[in-house]
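Each chain is listed here by its residues.
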Amino acid sequence: MDLLSLNKHVSLLLSLWTGRVKNPRLDNREISKVGNALLRLQRGLTGDRNLAGAGYMNDHSLLGAYLLYYWNISYFQMWYILDKNANVKAFIKACAKKSVEQKKPVHLLDFGSGPGPVSCAVMDKLLEADKNCYIKLDLVDYSRTALSYAQKHIKAYYKNVDCKIWQADFERQKLSDFLSDGYDLIFSCHALNELWKHDNEKILRRTDFIEDVASLMKETGLMILCEPALLETSRSLLKVRDKIIEKGIMSAIAPCSSLSTVCPALAAGENHTCHCEYPCPKVEPMMALAKVAKLDRESVKMTYVAFSKDFSLKAADDNNLMFKDEGQLSGRIVSDGMLNKAGRLRFLICDGKCRIPVSAKNGDAIAREKGFFSLKRMDKVIFKNLEKRGDAKNISYGIKSDTIIKLVD
């Protein structure tokens, strides 16, 4: 991650919020004030969730907390999604290359954009792929204040981006009623969970909403939906994912390529979910605000799904290595290392169809040499020559002397 560019973003956000161009840095009094607002915002978004979808962007203090703290988090989340998954990374590079070769813009849609952190991450990755990339961006949000900040920031930071803003109430308006089709990339971060929060049919309503949005996407396009890694918000996104695939709207290509209409995390039980976790870059004043609010910010977590209209992925899904050969397994790590009572450390491996535990005696020299204890959540890995430890109903595997562990991306 280019921290120099990120610091430029933060400096601009400080100038916009404080109104100070020459010396936008926060003093100790302002850090204390915004830090306390951040605590209120954090409780309202991830605690009792009374601020989710409640128009908090219109409160100047809460807006400052969002711009100077959560803006960074949303930026990091999308940046990691675009950087760490091979399918998504290849798509971004192809878009940038095609734009330069054809001298046509990559057309982006950010719905529930807020003040634009996710759009900035996407544009930074496109421009990283090719600095001459052309970009056309549409931002849609309920908050006029947030849209105004986003447009000012983007126009100041990106000189050649065609940026338009649209105010809309997603629960009452279809995006297809006022936007034209032809988007290369559509994305949304932390917005879907705020829609129809108290509706018993919220999953179906959100699915119908996404179906309408998907009608605006090119057949060769991509859609990325990212939500908080909280149990309820994460599982809700996975339920929408299942409905989208079931209805034949799109297929999932990340974090796993699968046409399974039942996400293994949902099938595993009510307390299971699937999320990513990556180290959090240390930028100011985000870290100072986190200290005031007593928030742990060592990592960023999120649940996301990337969708495509290309259903040829069914072949890739059918050809997964899971269970093809005895002792061979492939998929993504979907858990932290878990130590059981027998003293074995295990990870859960998911290929989009099921979750299988692979374990080794904690501290085992062979497992350490093969890199087993260094595996991380969301690593894509292939195991060969595993030791079968479970039975037909409870399959599990162990590491042995001739086991091969290969990281794929």
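Residues numbered from 1 in each chain as written. Predicted model: local features only at pLDDT ≥ 70, side-chain atom pairs only at ≥ 80, totals over all residues. Heavy atoms only, no water.

Some thoughts on the nonpolar core
Residues Phe76, Met78, Leu108, Leu126, Ile154, Leu185 and Ile224 are the most contacted members of the largest nonpolar core, which totals 87 residues. The element that contributes the greatest number of residues to this core is helix α3 (residues 60-84), accounting for 17 residues. Dropping the residues within four chain positions of it, leucine 126 is found in contact with Ile92, Cys95, Ala96, Val106, Leu108, Cys133 and Ile135. Core analysis: the second largest hydrophobic core is formed by 31 residues, Val140, Leu195, Leu237 and Ile249 among them. (Core = buried A, V, L, I, M, F, W, Y, C linked by side-chain atoms within 4.5 Å. Buried < 20%, exposed > 50% of the residue type's maximum accessible area, 1.4 Å probe, protein only. Helix = DSSP H or I, 4+ residues; strand = E, 2+ residues; numbered from the N terminus. Contact = heavy atoms within 4.5 Å.)

Examining the pattern of salt bridges
Within the structure shown, the criterion is met by 20 salt bridges. When the shortest N-O distance is used, the salt bridge between arginine 172 and aspartate 169 registers 2.8 Å. Note that aspartate 199 and arginine 205 form a salt bridge whose closest N and O atoms lie 2.5 Å from each other. Salt bridges linked by common partners bring Asp83, Lys84, Lys89, Lys125 and Glu128 together as one network. (Salt bridge = Lys/Arg side-chain N within 4 Å of Asp/Glu carboxyl O.)

Things to note about the confidence of the model for the protein
In the predicted model, the protein carries a mean pLDDT of 91, and the fraction of residues at 70 or more is 94%. When the criterion is pLDDT under 50, residues 313-324 qualifies, and its contacts beyond four places in sequence or with other chains add up to 26 contacts. (pLDDT = per-residue confidence, 0-100.)

A short note on the packing of α3 against helix α6 (residues 144-157)
Between α3 and α6, the least distance of the axes is 12 Å, while the angle of their chain directions is 45°. In terms of orientation, α3 and α6 fall into the oblique class. Relative to α6, α3 is oriented so that their crossing is right-handed. Between α3, through His60, Leu63, Leu67 and Trp71, and α6, the contact on the second element is made entirely by Thr145, Tyr149 and His153. Grouping the constituent residues of the contact of α3 with α6 by class yields 4 nonpolar, 3 polar and no charged. (Axes fitted to C-alpha atoms, helices over the stretch in contact; angles between N-to-C directions. Parallel < 35°, antiparallel > 145°, perpendicular 65-115°, else oblique. Left-handed = near helix turned anticlockwise from the far one by under 90°. Nonpolar A, V, L, I, M, F, W, Y, C, P; charged D, E, K, R; others polar.)

Considerations on empty space enclosed by the protein
Overall, the coordinates contain 2 cavities of 30 Å³ or more when judged by the stated rule. When its volume is computed, the largest cavity comes out at roughly 200 Å³. What lines the largest cavity is a set of 20 residues, among which Leu238, Pro255, Cys256, Cys263 and Cys274 lie closest to the centre. Secondary-structure elements contributing two or more residues to the lining of the largest cavity are α8 (231-246), β6 (251-254), α9 (264-267) and β8 (299-308). Here the lining of the largest cavity gets 3 residues from one element, more than from any other, and that element is β8. Broken down by class, the residue content of the lining of the largest cavity amounts to 15 nonpolar, 2 polar and 3 charged. (1 Å grid on protein atoms, 1.4 Å probe; cavity = no way out; pocket = protein on both sides within 12 Å on 5 of 7 lines; lining within 4 Å. Points joined across faces, edges and corners; volume = space filled by probe spheres on them.)

Some words on the environment of valine 408
Structurally, the position occupied by valine 408 is in the segment after β16 (404-407). Take valine 408: its relative accessible area is 44%, and that puts it in the partly exposed class. Sequence separation of valine 408 and serine 330 is 78 residues, and the distance between their C-alpha atoms is 9.5 Å. Setting aside chain neighbours within four positions, we find valine 408 in contact with Lys380, Val381 and Ile382.

As for the side chain of serine 74
Mapped onto the elements of the fold, serine 74 is located in helix α3. For serine 74, a relative accessible area of 4% corresponds to the buried category. Once residues within four sequence positions are removed from consideration, serine 74 is found in contact with Tyr66, Pro117, Val118, Cys189 and His190.

Brief notes about the pairing of strand β11 (residues 344-350)
In terms of residue burial, β11 counts as a mostly covered element, since 6 of its 7 residues are buried. Alignment of strand β10 (residues 338-339) against β11, held across 2 bridges, turns out to be antiparallel. Across the sheet, methionine 338 pairs through a bridge with arginine 346, a residue of β11. Connecting the antiparallel pair β10 and β11 is a turn made up of 4 residues, with glycine 343 showing a positive phi of about 80°. Pairing of β11 with strand β12 (residues 355-361) involves 7 bridges; the strand directions are antiparallel. Following the sheet pairing, arginine 346 is matched in β12 by serine 359. Between β11 and the antiparallel strand that follows it, β12, lie 4 residues; glycine 352 among them carries a positive phi value of about 95°. (Pairing = 2+ DSSP bridges.)

Quick notes on the packing of aromatic side chains
With the rule as written, the count across this model stands at 14 aromatic pairs. Members of the aromatic cluster, connected to one another through ring pairs, are Phe111, Phe170, Trp196 and Phe209. (Phe/Tyr/Trp six-rings, centres within 6.5 Å; stacked < 30°, edge-to-face > 60°.)

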